[in-house]
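# Structure assessment
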Protein chains: 2
Amino acid sequence: MSAGRDSTKTKTTIIYSAMNLFAKNGYDGVSVEHIAKDANINKAMIYYYFKNKATLYETVVKKLLDDIQKTIKNESAKCQNPKEELKSFIYTFASFAQKNPHLPSLMLAELSSGGKNLPEDMFAGLKKIFSLLNKILKNGEKEGYFVEVIPIVIHFMIVGTINLFITTKDLRQRVQNEFDGDVCDDCDVDTIARYIYKKLLKMLQGE
Amino acid sequence: MSAGRDSTKTKTTIIYSAMNLFAKNGYDGVSVEHIAKDANINKAMIYYYFKNKATLYETVVKKLLDDIQKTIKNESAKCQNPKEELKSFIYTFASFAQKNPHLPSLMLAELSSGGKNLPEDMFAGLKKIFSLLNKILKNGEKEGYFVEVIPIVIHFMIVGTINLFITTKDLRQRVQNEFDGDVCDDCDVDTIARYIYKKLLKMLQGE
DNA sequence: TGTATAATTAACTAAATAGTTAGTTAATCG
DNA sequence: CGATTAACTAACTATTTAGTTAATTATACA
């Protein structure tokens with residue numbers, strides 16, 4: 001910072017406004033003008049810090065994917081065996097997704113269109129997350145903790161369930177009187193994570 | 001049809017072009033002009049048959065939701081007990097989703113934004129599908145087939161997994177050499193449905 | 001056969017959009 | 001202090017967008 005004003009602050013503001021709006025409305029549902037207004041900055045600043053709208057979007061999604069992947073990896077390192085690692089994967093993903101509810105939205109939005117416009121390095125981020133679980137399952141199988149499974153299906157069960165649970169928070173609350181506890185409107189994400197782990201163990205252990 | 005040309009044919013053409021494009025690009029990712037060109041009709045025809053873009057979108061999604069809900073209900077009627085009903089729910093949803101891959105895309109897209117712009121009757125369609133599964137699980141529990149579960153989580157496990165499996169078809173094929181069979185790129189949806197049912201039974205039966 | 005009317009079209013409007021540009025402010029440092 | 005430069009702004013362009021309208025075509029039916 002040799003001259004001028006606080007650039008990192010502005011850039012961060014842009015990223016967080018963009019993250020919030022992209023998660024709620026999708027890439028095409030948000031205008032650059034809209035992001036600028038939300039961030040209380042001039043629209044041209046977005047083009048000063050980012051090449052274009054697509055680059056800003058990629059920055060936002062890539063940041064979230066990198067963050068969660070690193071978080072899972074760190075937590076996994078503290079574990080002693082595949083069973084603990086699986087637990088850690090589920091709990092960490094759930095907890096991160098709760099703290100960053102934009103991730104589930106953006107992940108589902110991206111996958112819903114079949115990755116038609118998915119840039120290569122965003123795709124790489126998704127692959128890394130699956131790769132972490134895949135290794136856990138493979139190790140667990142080799143060491144006799146788990147039975148053989150189809151890893152991608154288990155992955156979709158965990159990630160799909162947690163993502164949907166988070167994105168439907170408001171919707172589930174809207175129907176609580178209609179479905180009582182069936183819709184788990186009062187559950188927090190930790191409860192769900194524990195539940196998914198418990199149920200998943202039954203799948204992975206019983207032959 | 002007292003005068004004029006074939007109206008139902010035109011309307012149907014519009015609906016199917018819209019379904020295809022909305023599923024691939026989302027609501028905001030498709031222009032009315034784009035739909036018109038794809039359907040080989042004049043843009044004004046869309047406004048002749050539908051009030052506006054939002055109404056066309058609702059028509060498309062509602063049709064898919066109604067269709068699948070009726071299909072599941074019909075198949076369920078042929079079953080003798082909750083176990084069969086659950087199997088039927090999973091198989092029928094999977095098979096419908098394969099034949100109509102736009103449904104998973106649109107469902108995930110809609111849920112990814114937290115139903116922010118979800119019209120009431122589209123929401124009702126989603127609720128009906130959950131309601132069918134909820135009854136199956138509740139009955140199964142009462143009649144001693146299943147242990148007590150959190151219905152919405154089981155629902156997300158089934159629907160989330162199948163939806164992701166279908167929308168990621170191309171993506172999974174792109175990485176088959178990287179992950180071998182782990183990504184199940186050669187599996188058909190029936191295989192996955194059978195697999196999910198088998199694994200789910202373990203959750204629902206063992207205490 | 002002619003007329004009523006449903007189906008269709010081309011051309012339009014007003015607003016929103018992504019992206020640009022030329023100029024302005026403010027901080028830093030010699 | 002004053003020049004350099006990074007940070008910022010207002011105003012612009014060209015394109016795309018949802019939606020409208022007035023005129024036109026085609027068909028059934030009396």
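Computed from a prediction, not measured in an experiment: that's the story for all the values here. Per-chain numbering applies: the sequence of each chain, read as written, is numbered from 1 onward. Lettering for chains starts from A, numbering for ligands starts from 1, and both go in the order in which the items are written. Local features in a predicted model are, by the rule used here, given only for residues with pLDDT of at least 70; side-chain atom pairs are given and counted only at 80 or more, and totals for whole chains, interfaces and linings are based on all residues. Side-chain measures were taken over the full set of non-hydrogen atoms in the model, leaving aside hydrogen atoms and water.

Turning our eyes to something else, we now look at the overall build of chain A. Counting from the N terminus, the helices are DSSP H or I runs at least four residues long and the strands are E runs at least two residues long. Looking only at helices and strands, one finds 11 helices and 0 strands in chain A. Counting only C-alpha atoms, chain A reaches 60 × 45 × 30 Å along its principal axes. Counting over 207 residues, chain A shows a buried share of 54%. When checking whether two residues touch, look at their non-hydrogen atoms; a contact exists if any pair is within 4.5 Å. Contacts in chain A between residues far apart in sequence, at least 24 positions, make up 68% of those at least 6 positions apart. Taken as a whole, chain A presents about 9700 Å² of accessible surface, with 48% of it coming from carbon and sulfur. The charge count treats Lys and Arg as positive and Asp and Glu as negative. His and the chain ends do not count. For this purpose, a charge sits on NZ of Lys, CZ of Arg, CG of Asp or CD of Glu. If you average the places of the 29 positive and of the 25 negative side-chain charges in chain A, the two averages end up 5 Å apart. Per-residue accessibility, obtained with a 1.4 Å probe over protein chains only, is compared with the maximum for each type, and a residue is labelled buried under 20%, exposed over 50%, and partly exposed between these values. The Shrake-Rupley method, run with a 1.4 Å probe sphere, supplies the accessible areas, and residue values consider only the shown protein chains as cover.

Note on the chain copies: they are related by a rotation about an axis and a translation along it. When chain B is fitted onto chain A, the two copies agree to an RMSD of 0.0 Å after a turn of 180 degrees and an axial shift of 0.0 Å. Here the transformation between the copies is reduced to the relation of a two-fold axis. When the interface residues of chain B are mapped onto chain A, 100% of them again fall at the interface, so both copies present the same face. Least squares is the method used to superpose the copies, on C-alpha atoms of residues holding a pLDDT of at least 70 in both.

Next up on the list: the pattern of salt bridges. Residues and elements named next belong to chain B. In what follows, salt bridge is the name for a side-chain nitrogen of Lys or Arg lying within 4 Å of a carboxyl oxygen of Asp or Glu. In this structure the tally under the stated criterion is 12 salt bridges over all chains. Put simply, Asp66 and Lys62 hold a salt bridge, and the shortest N to O gap is 3.3 Å. Remark: Lys62 and Asp66 occur in helix 4 (residues 53-77); sequence separation between them is 4 residues, near one turn of the helix. For Asp66, a relative accessible area of 23% translates into the label partly exposed. Its relative accessible area of 27% is what places Lys62 among the partly exposed residues. Between Lys63 and Asp67 there is a salt bridge, with the nearest N and O atoms lying 3.4 Å from each other. Of this pair, Lys63 and Asp67 both sit in helix 4, 4 residues apart, which is roughly one turn of the helix. Looking at Lys63, the relative accessible area reads 29%, which means it is partly exposed.

Moving on to the interface of chain B and chain A. Counting residues at the interface gives 56 residues for chain B and 56 residues for chain A. By definition, the buried area sums, over both parts, the 1.4 Å-probe accessible area that each loses when the two are put together. Carbon and sulfur atoms make up 68% of the surface buried where chain B meets chain A, a total of about 5000 Å² over both sides. Sorting the residues of chain B by area buried against chain A places B:Phe156, B:Asp182 and B:Tyr195 first, and these three jointly supply 13% of that buried surface. Where chain B touches chain A, the interface holds 6 salt bridges. With its nearest N and O atoms 2.6 Å apart, the salt bridge here joins A:Asp182 to B:Lys138.

Before going further, it helps to examine the domain arrangement of chain A. All names here are of chain A. You can read the domains of chain A as domain 1 (1-50) and domain 2 (53-205). Domain extents, as shown, originate in an automatic or database domain assignment. Computed over C-alpha atoms only, the centres of domain 1 and domain 2 are separated by 28 Å. Listed per partner, the contact involves 15 residues of domain 1 and 11 residues of domain 2. Of the roughly 1300 Å² buried at the junction of domain 1 and domain 2 (both faces included), carbon and sulfur atoms supply 82%. Among the residues domain 1 hides against domain 2, the three largest losses belong to Met19, Phe22 and Tyr27. Together they make up 43% of the total. Throughout this description, a polar contact denotes any pair of N or O atoms lying within 3.5 Å of each other; where both atoms belong to protein, one of them has to be capable of donating a hydrogen while the other can accept it, and for residues adjacent in sequence the pair is counted only when both atoms sit in side chains. Linking domain 1 with domain 2 are 3 residue pairs in polar contact (both at pLDDT 80 or more). Where the side of domain 1 that touches domain 2 is concerned, the elements lending two or more residues are helix 1 (7-25) and helix 2 (32-39). Considering every element that reaches the side of domain 1 that touches domain 2, the biggest residue donor is helix 1, with 8 residues. Of the residues contributing to the side of domain 1 that touches domain 2, the split by class is 13 nonpolar, 1 polar and 1 charged. Each residue receives one of three labels: charged for Asp, Glu, Lys and Arg, nonpolar for Ala, Val, Leu, Ile, Met, Phe, Trp, Tyr, Cys and Pro, and polar for the others, Gly being one of them.

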